[in-house]
Amino acid sequence: MLDQIVFYFFAALAVISAVLVVTRRNVVQSAIFLITALLATAGIFLQLHAEFLFIVQVILYAGGIMVLFVFVIMLINMDVSLHQVQFNRQWWLGLLLALVLGAQLTVAIAVGRSGLPLGEPAPATMLEPSTELVGRVLFNEYMLPFEIASILLLVAMIGAVVMAKKKV
Amino acid sequence: MIPTSHYLFLSLGLFTVGVIGVVTRRNVIIILMSIELMLNAVNINLVAFSRLVGSAEGHVFAIFIITDAAAEAAVGLGIIIAFFRNRETLLGDEMDLLKW
Amino acid sequence: MHALINFVITYWVPLVCALAIVAVLPLAAGYIVLMERKVMADMQARLGPMRVGPHGLLQPIADAVKLLLKEDIIPEEADKAIFWVAPLISVTAGMLAMSALAIGPWFQIADLNIGLLFVVGIGALGIFGIVLGGWSSNSHYSLLGALRSAAQLVSYETAAGMAIVGALLLAGTLSTREIIETQADYGVWFVFAAPVGFFIYVVASIAETNRAPFDLPEAESELVAGYMTEYSGFRWALYFLAEYTNMVVVASIATTLFLGGWLRPFAGTRAFDFLDFLPSVLMLGVAGYCFYRAPKQPVKVQQMVLAAVGGLLILVAGILLAPLLAPGGSMVASAKAGLHGAFWFLLKVGLYLYMFMWLRFTFPRYRFDQLMRLGWQFLIPLSIVNVMGIGVALVLHRQYGWSHWTAFPLTTILTLAVAGLLASAGEKKEKEHAIVGEEA
């Protein structure tokens, strides 16, 4: 019962925040709603008993990436954008195609969920604490992607610094 | 217990909203934010399936996606800053230097 | 309705703890402000607030009433919704971070198995309160102060996190309760095994809470009050509450991870059991001082208040003494862990806060570029080397069988050597910058 309340609360918060992100005129308000959407997603992770991923989402996504977004929004003067047209000229076509895509996937899931074993998730007591499990899998089987991800982050750091410098 | 299909529908909803944001809005920062929404939707999907199967590989993949999103947001915002410094515009429609 | 009642019955201990924190923390923050003013006065050879209540003990209440009654000014062009919500984000993040901390073995809201990471991560969400507050004030000083403050917080968060990782290698778990129990098993606090990590964490935590000497973003002579410039009355009080809550959270993390949490000094050895009487002796000492000063107060009401405070302290000393004198195995004796644990934890947090204040009134302020250079070019490389050093020490101890007393001091000395190298390289760069500046 508590499970369902938590899930529906975070799901509703995530979807409403996502819609508000896409429709706000003020970019800072969009950023704030994206933060709430990311925190709602973190709540969904917690409800799925993925505690390590919950805290990684909060620290990296909400506490790192969004701080970066908010910094950039504040360094760039956005007053001009408040009076411009918000949606581009073919917005109706984009909306239509996105809704068609959504409808296709909805039908796919709805039809398929009786065929595939999309049943009850594994009971929570069978899972070890998520941190140890993730650590074990990450450092045993996925060590190479881990190292590649660290090189990717190094490249991104250098790239971002070079792009944002005034004189190269 | 929440059946896995509920998580799939939630992930689908977030993904669709993200796609609408990318193809409809003019401001490139909002486009970047919609891309982050899409990546989050995929993460929910991965973690839901990982919970169904009972292994941690979905979690590991989700961590890699978050890492990747961080790198992409950093570089993307750097590009936006560089472009804004030159052209003073933040609208995707007006970034048409490569158009013939 | 049934479900709600069931919920309350199952979870009543965490609910009571949470209520206690939310109710007591603002009052405690007010008294920490009073403590700071008294310590500042003591170090400046004066007396501090003495007028409101005996020895200024009722000053926080007067301050709170004043702040609540002030006019609520919102700047003209400010974004009202964000202006309203920004202090709330800071306060919520600070208070939420307290929910995974274990103040004594009986007082914890939630024993998460990612406890320490939760505290650090949620504390990092407080950055948004600062940035949004500075931006929504629609003033240059606020925005600059907010961006500088946020940049400082983000820079020192990495160093603090790596220092924590160094100590977590020793602990082997992220749960706050189990970290302290691991320290009890080892018999030694982690500060003795990883002193460089403790030093890094102390410096990073001072920068994390925007305290002097790293308080350029909110210094009065530099940027008016930084991101808090346009906030007045109760909203400013909320920001202040958030800052002091962050100080308490950071002190609690350091206490849990490095200083042994709720363990008394030498918790393992029986020979030091006489230290169990130290809490009551301390309380009796302070009560004796209260009774000594009571007749010397100028006004009758103040004499009575000070006598009442003395009586209260004697009561607390009695409560702390009771589990020691009761026959072993009775219910009273089993309360020893909870009560004494809470006392030691709060004592260590208090000493850490005293150290914060001591540093504030001793050192001059860092300039912002010096601050960033210290963070990125000294603390972060040092913390990485610290993690590697502790890893090497653990491998030497576990795989090659070296004893604790050789492996850890060895790596500590090596890390200190690297710190010396980094510091001398940094000084050389400072001199070069200064020379170039003079020539230019």
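Residues numbered from 1 in each chain as written. Chains lettered and ligands numbered in written order. Predicted model: local features only at pLDDT ≥ 70, side-chain atom pairs only at ≥ 80, totals over all residues.

(A) Structural detail: the domain arrangement of chain A. Along its sequence, chain A is organised into domain 1 (1-81) and domain 2 (129-168). Summarising the inter-unit geometry, the C-alpha centres of domain 1 of chain A and domain 2 of chain A are found 22 Å apart. (Domains from an automatic or database assignment.)

(B) A look at the interface of chain B and chain A. At the junction of the two partners, chain B supplies 61 residues and chain A supplies 74 residues. Elements supplying a minimum of two residues to the side of chain B that touches chain A: α1 (4-24), α2 (28-53) and α3 (57-87) of chain B. It is α3 of chain B that contributes the most residues to the side of chain B that touches chain A, 22 residues altogether. Across the side of chain B that touches chain A, the residue classes tally to 40 nonpolar, 14 polar and seven charged. (Contact = placed C-beta atoms within 7 Å. Helix = DSSP H or I, 4+ residues; strand = E, 2+ residues; numbered from the N terminus. Nonpolar A, V, L, I, M, F, W, Y, C, P; charged D, E, K, R; others polar.)

(C) Up close: helix α4 (residues 80-97) of chain C. Residue and element names in this part refer to chain C. With 18 residues, α4 should reach 26 Å at 1.5 Å per residue; the first-to-last C-alpha distance of 27 Å fits that figure. Helix geometry: α4 is bent most strongly at Ala-86, by close to 25°, with proline Pro-87 lying one to four residues after it. Buried within α4 we find Phe-83, Ala-86, Pro-87, Ile-89, Ser-90, Val-91, Ala-93, Gly-94 and Ala-97. (Expected span 1.5 Å × (residues − 1). Bend = angle between axes of the 7 residues up to and from the residue. Buried ≥ 20, exposed ≤ 12 C-beta atoms within 10 Å, placed from the backbone.)

(D) Looking closely at the interface of chain A and chain C. Taken residue by residue, the interface counts 16 residues in chain A and 20 residues in chain C. Split into classes, the residues belonging to the side of chain A that touches chain C amount to 13 nonpolar, two polar and one charged.

(E) Looking closely at the packing of helix α2 (residues 27-47) of chain A against helix α3 (residues 51-75) of chain A. Residue and element names in this part refer to chain A. Between α2 and α3, the least distance of the axes is 8 Å, while the angle of their chain directions is 175°. Relative to α3, the element α2 lies roughly antiparallel. Counted together, Val-27, Val-28, Ala-31, Leu-34, Ile-35, Leu-38, Leu-39, Thr-41, Ala-42, Phe-45 and Leu-46 of α2 and Glu-51, Leu-53, Phe-54, Gln-57, Val-58, Tyr-61, Ala-62, Met-66, Phe-69, Val-70 and Ile-73 of α3 form the full contact between these two elements. Residues belonging to the contact of α2 with α3 are distributed by class as follows: 19 nonpolar, two polar and one charged. (Axes fitted to C-alpha atoms, helices over the stretch in contact; angles between N-to-C directions. Parallel < 35°, antiparallel > 145°, perpendicular 65-115°, else oblique.)

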